[in-house]
Every structure is written in structure tokens, then in C-alpha cells.
Amino acid sequence: MNQDLTVGTPSRVLWRFCLPLFGSIVFQQLYNIADSLVAGRFVGENALASVGNSYEITLIFLAFAFGCNIGCSVIVSQLFGAKEYREMKTAVSTAAIGSGVVCLVLMALGLLLGRQLLELIQTPEELMADSLIYLNIYLYGLPFLFFYNLATGVFSALGDSKTPFYFLAASSTANIAVDILFVTAFQMGVAGVAWATFLCQGISCVLAVVVGLLRMRRIETTGHVAAFSFPMLCRIARIAVPSILQQSFVSVGNIIIQSVINGFGPGVIAGYSAAVKLNNLVITSFTTLANGVSNFAAQNLGAWKLERIHAGFRAGLKMVWLLCIPLVGLYFFAGKWMLLLFLENPSQTAMDTGLTFLRILAPFYFVVSAKLVADGILRGIGSMLRFMIATFTDLLLRVVLASVLSLTVLGATGIWCAWPIGWTVATVLSLVFYKTTNLEKQLSPT
């Protein structure tokens, strides 16, 4: 149910709000890695590489869905904290209309240009057919992705982190089962993996939207509620567009890095595809908790309770660092067993690649997690320019260094070294920006 994040002990309120988010993280990652896990173990190494190739492109579309989610969630949080419920409902419907238009445009572009995008990242010919099949089916389900993200963003904005958890728990568990059914019983290969995700994501989207609409109806308002407001769209866009740009450029950067990796052959591609899934599990975990910090900051900004925002930053930092301890140990010392979840009888090249990637990145999770919590505050209070500067700095450094270092004697290992450097520099920037932001200047109603 809805939860007011502007009352109660800040650390206790944030922990209570974020614990279900952490549960959601686990199931969200099960959802994300199920395709690669099933493809790698039940179809083969090339199937895993094909899904991995398509995955880098799907991140572009996910960036738009995530940006729409954040734009809606931050504004709805601020309005909910300020108890402006009529404007809040208008924000939800306006975001839904805007997201629908964006989704349709992206679907058309993706279906028309899918092969060209795969060629752009130098997809090996032996992976092209399966990569394109996976990508096209993913695009058919894009409306489910957009509206599911929008619904969960609204739930979080209202302080409800439990409902998204229930949906994710059910849909991710079903996705794994359907993945295995389609691949092993029906022998559908990579297409079966993609259709399983389409089916489970579609069902969870419909249920989330229905529950969201019922939740909105229960919130009492007076006067006419506008279904669409251009000024409200602009207000949402001021948060959403920078978030979309940030995520999109990160995705484009990942595609460039993927094209560099593709030059090292299927073994390195497969090892990276497995390891990056594990890495994304961690980064998404931190990002999801940081989104909780964003909702906390936004509600308290709307209620003009600025001192609670700083308390939320400290509590968020403690949460992500506690999460870092087991994850760093697991990836650094037991990375081989984690990689074997994705790789059935892997080549030595694939295993060595995955292990090297994890051992280089894992110790720096303590660094990047601090950046993401600071980013969560900046996004929640609407300080998007500073948020973007820190993110683009990280991206630019990683892309340039990955391209340059891959040409040295380090080879593929040089690519992995780019991550810690980019993370460290960007973390310093994010922390400085957070510490020097004047919260009172963020209280403008625009």
C-alpha cells in the first residue's frame, strides 16, 4: 500500500521501503539472466553469445522505458509528498500517453533497422540469425516493457515497494520455467527463450497496469482531473529526457565496447556475455536501491523536509555497502561457479575471460555504489545536469579506454580495466555535486 516517506525516522523508513526493492532486484535479475542461462546451458555457447549480442541493443530500448519510469516516478513522488493528488493523477496519465507514443516510434525503428544495428556492432555471421530472431521478438513485447516500468514507477512513487516485488516474483519464476519448457520440450532454441520472456512480461504488465489504475481510483481528489497536460509533460520530460539520454548513451557506449569485444572471437564474446550478466546484476541492484533513495528524496523535497534528504543519503550508502561485502567476495573468489550457471562445458577462453572480468571489477563495487546513491539524490531533487555530467564522464572514459587499451599488449583484459577507472572518476564527481548542491534552490514548483 501507499507509504508516506516524509514521516518517521529517515533511516528506518528508507530501510523499510528498500527491503522489498532488494527482493525485487533478485527476481528482476532472475528475469534478466534467465534467457542467457537457458540459452547457454540448453542450446549452446553460440546461443549465449547471440543473446548477449542482442542484449546490448535491447538496452537502448530499456533506456527509454527506464527514463519514462524515472520521469514519472520523480514527479509523482514530489506531488504525492506535497499532497497535490489531482495534479499527481494528471502526471500519471500524461506520462502514460507520452510513453505510449515513444514506444510505438521505437518499435517501428527497431523492426526496420534491427539487422543494421547488429551489423554495426560487428556481430559474427554465425550469430546473426539467432541474434536477429531474439531482437525482433523482444521488440514485439516493447509495449509490455514500457507500461510495466511505468506502473512500477508509480507504485514506488507512492511509497509502495511491495506490489512490484509480488509481480516480479511471480513473473520471473514463471519466465524461467517457460524458458526451459520452450527450449527443451518444444526445441524452439533462441526463439523459445525470447517468446517465453514476451509471454511472462505481457501477463505481468497487464496485471500491474490494472492494479495501478485501481490504486489511482482509490485516491480521492476534488475537481476535474485532466487526462493530459502539456505543462505536466514538460515537467516530466525535464527529468525523463536526461535520464533517457544518460541511459541511451550508456547503451551506445556498451554497443561500442561490444563491437570491440566482438573482434576477439566467440570465446571472448561468450565469456563476457556471462560475466557482464553477473556484473549487471550488481549494478542493477545498486541502481534499484538508488531509485528508492530518489523516491525518498523527491517526496521529502515536495514536503520541504530537506534535512531528511541528507539522512536518506547516509542510510542509502550504508545499505549498498552492506550489499557489496558478500557480492565482492562471491565474485572474486567463487566467480568460476557463478559463470558455470551460464556456460555448459565452456571453452578455456570463455572461462578465463569471464573470471578476469569479474576479478578486475568486483573490488570497485564499493566505489560505484557510492556514485549511484549520490546520483539517486541528484535525480530525486531534479538536479539533472550534474547527474548527467558525472554519468557521461564515466561513459566517455570507459569507451575511450576500452578502445585504446584493447590495442595494447593487454588485449581483451585492457577492455575490462576501463570500468574501474571510469567508475572512480565519476564517483568523485557525483559526491562533489551532491555535497555542493543547494537543496533550497531545487524547491521551485517548475
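Residues numbered from 1 in each chain as written. Predicted model: local features only at pLDDT ≥ 70, side-chain atom pairs only at ≥ 80, totals over all residues. Heavy atoms only, no water.

Per an unreviewed UniProt entry, the protein is named Probable multidrug resistance protein NorM, and its organism is Candidatus Avoscillospira stercoripullorum. Database annotation for the protein, UniProt heading Subcellular location (unreviewed entry): "Cell membrane". Regarding the protein, the relevant UniProt record gives this comment under Sequence similarities (unreviewed entry): "Belongs to the multi antimicrobial extrusion (MATE) (TC 2.A.66.1) family." (UniProt positions renumbered as here; feature names shortened; annotations may be inferred.)

Colleague: Is there a simple way to explain the pattern of salt bridges in this structure?
Modeller: If charged atoms from side chains of opposite charge come close, those side chains can pair. Summed over the entire model, instances satisfying the criterion amount to three salt bridges. Two residues, Asp160 and Arg215, come together in a salt bridge whose shortest N-O distance is 2.8 Å. With Asp160 in the loop between helix H5 (142–157) and helix H6 (162–185) and Arg215 in helix H7 (residues 189–218), this pair connects stretches of sequence that are 55 residues apart. Looking at Arg215, the relative accessible area reads 4%, which means it is buried. (Salt bridge = Lys/Arg side-chain N within 4 Å of Asp/Glu carboxyl O. Helix = DSSP H or I, 4+ residues; strand = E, 2+ residues; numbered from the N terminus. Buried < 20%, exposed > 50% of the residue type's maximum accessible area, 1.4 Å probe, protein only.)

Colleague: Sorry, what's going on with the packing of helix H13 (residues 384–405) against helix H14 (residues 412–436) here?
Modeller: In a pair of packed helices, the angle between the axes and the distance between the axes together describe the arrangement. Two elements in contact, H13 and H14, have axes whose closest approach is 8 Å; the angle formed by their N-to-C orientations is 165°. One finds that H13 runs roughly antiparallel with respect to H14. You can see that H13 and H14 cross each other, and the crossing is right-handed. Broken down by class, the residue content of the contact of H13 with H14 amounts to 16 nonpolar, five polar and three charged. (Axes fitted to C-alpha atoms, helices over the stretch in contact; angles between N-to-C directions. Parallel < 35°, antiparallel > 145°, perpendicular 65-115°, else oblique. Left-handed = near helix turned anticlockwise from the far one by under 90°. Nonpolar A, V, L, I, M, F, W, Y, C, P; charged D, E, K, R; others polar.)

Colleague: Got a minute to help me understand the environment of Leu372 in this structure?
Modeller: Secondary-structure assignment places Leu372 in helix H12 (residues 365–380). Judged by its relative accessible area of 14%, Leu372 falls in the buried class. Along the backbone, Leu372 and Phe342 are 30 residues apart, and their C-alpha atoms lie at a distance of 27 Å. Not counting the four nearest positions on each side in its chain, Leu372 is found in contact with Ile283, Phe286, Thr287 and Ala290. (Contact = heavy atoms within 4.5 Å.)

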